[in-house]
Amino acid sequence: AQTVTQSQPEMSVQEAETVTLSCTYDTSESDYYLFWYKQPPSRQMILVIRQEAYKQQNATENRFSVNFQKAAKSFSLKISDSQLGDAAMYFCAYLENSGYALNFGKGTSLLVTP
Amino acid sequence: EAGVAQSPRYKIIEKRQSVAFWCNPISGHATLYWYQQILGQGPKLLIQFQNNGVVDDSQLPKDRFSAERLKGVDSTLKIQPAKLEDSAVYLCASSLDVTGAYNEQFFGPGTRLTVL
């Protein structure tokens, strides 16, 4: 099974600052998808951003962007201009192109301070 | 568009009792997933349905867990009998399809199960 590793259990950032959350994964596949999901306290999980492995261009969604390094099997999430509403658990996830078994990391808890 | 609905939101039972969770996916979504999220961990896939057929249940503890998706829409997940280690949030998700541009999974609010 593919392994997704998030090495930062907790991160803290001040409002308006930038923070980067790390994720590495292990796979022998060449075609797959990577995701970052946000799970606020007691609220449901929502998709933040997604990256197709065959695309070299890094995905961006407003203040959220990724640094996808396929050879290094690294997929970090950068949050710019952090807001209090960004505080949540962030999960990195891997999906094979076959569509089976979305594999999640253990998550990074992001705290945003005023 | 309505999201993924789950009920109940919370459930407390004693060990060895049985419990059932219900999920209604987004209309038109062919693929439905059940995940188990233990406190402090990421979700782990229990079972995946494509329409009303099972495509992956390799991590479902089949001696006590069962799931069905009748008519390819709603789904129920059952635990019988429950153990202490089953305490977790059970998440349901759905997607249009499994591959390509349609594989984004939308999650429900989850059911928090506490086994005493």
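Everything here concerns the structure above.
Being a predicted model, the structure only gives us computed values, none of them experimental.

Thresholds applied
- Residues numbered from 1 in each chain as written.
- Chains lettered and ligands numbered in written order.
- Predicted model: local features only at pLDDT ≥ 70, side-chain atom pairs only at ≥ 80, totals over all residues.
- Heavy atoms only, no water.
- Contact = heavy atoms within 4.5 Å.
- Buried area = accessible area lost by both parts, 1.4 Å probe.
- Helix = DSSP H or I, 4+ residues; strand = E, 2+ residues; numbered from the N terminus.
- Nonpolar A, V, L, I, M, F, W, Y, C, P; charged D, E, K, R; others polar.
- Salt bridge = Lys/Arg side-chain N within 4 Å of Asp/Glu carboxyl O.
- Buried < 20%, exposed > 50% of the residue type's maximum accessible area, 1.4 Å probe, protein only.
- Phe/Tyr/Trp six-rings, centres within 6.5 Å; stacked < 30°, edge-to-face > 60°.

> How would you summarise the interface of chain A and chain B if you had to cite specific residues and measurements?
Taken together, the contacts link 20 residues of chain A with 22 residues of chain B. Of the roughly 1,700 Å² buried at the junction of chain A and chain B (both faces included), carbon and sulfur atoms supply 51%. Looking at the side of chain A that touches chain B, the elements that each hand over two or more residues are β5 (32–39), β6 (46–52) and β10 (88–96) of chain A. Among the elements that line the side of chain A that touches chain B, the one with the most residues is β5(A), at 4 residues. Of the residues contributing to the side of chain A that touches chain B, the split by class is 11 nonpolar, 7 polar and 2 charged.

> Account for the pattern of salt bridges, with residues named and values stated.
Residue and element names in this part refer to chain A. This structure, assessed with the given rule, holds 6 salt bridges over all chains. Taking the shortest distance from any N to any O, the salt bridge between Lys-73 and Asp-26 comes out at 4.0 Å. Of this pair, Lys-73 sits in the loop between β8 (64–69) and β9 (74–79) while Asp-26 sits in strand β4 (residues 24–26), and the two are 47 residues apart along the sequence. For Lys-73, a relative accessible area of 27% corresponds to the partly exposed category. A salt bridge links Glu-52 to Lys-55; its shortest N-O distance comes to 4.0 Å. Glu-52 gets classed as buried once you look at its relative accessible area, which sits at 12%. Among the charged side chains, a network of salt bridges with common partners joins Arg-50, Glu-52 and Lys-55.

> Which residues make up the packing of aromatic side chains, and what values go with them?
Summed over the entire model, instances satisfying the criterion amount to 15 aromatic pairs over all chains. Residues Tyr37(A) and Phe104(A) carry aromatic rings whose centres are separated by 5.8 Å and whose planes lie at 50 degrees to one another, so their mutual orientation is tilted. Within this pair, whereas Tyr37(A) is found in strand β5, its partner Phe104(A) is found in strand β11 (residues 103–104), the two being separated by 67 residues in sequence. We note that Tyr37(A), like Phe104(A), is buried. Feature note: the residues Phe35(A), Tyr37(A), Phe91(A), Phe104(A), Tyr33(B), Tyr35(B) and Phe107(B) constitute an aromatic cluster, connected by ring pairs.

> I'd like a rundown of unusual backbone geometry, residues and numbers included.
The peptide bond linking Ser7(B) to Pro8(B) adopts the cis configuration, its omega dihedral lying at -10 degrees. With respect to the secondary-structure elements, Pro8(B) resides in the loop between β1 (5–7) and β2 (10–13). At Ala16(A), a position not held by glycine, the phi torsion is positive, near 75 degrees. Note that Ala16(A) resides in the loop between β2 (10–14) and β3 (19–21). The class for Ala16(A) is partly exposed, based on a relative accessible area of 48%. Even without glycine at this site, Lys71(B) takes up a positive phi of about 60 degrees.

By themselves, these are just geometric observations and shouldn't be taken as functional.
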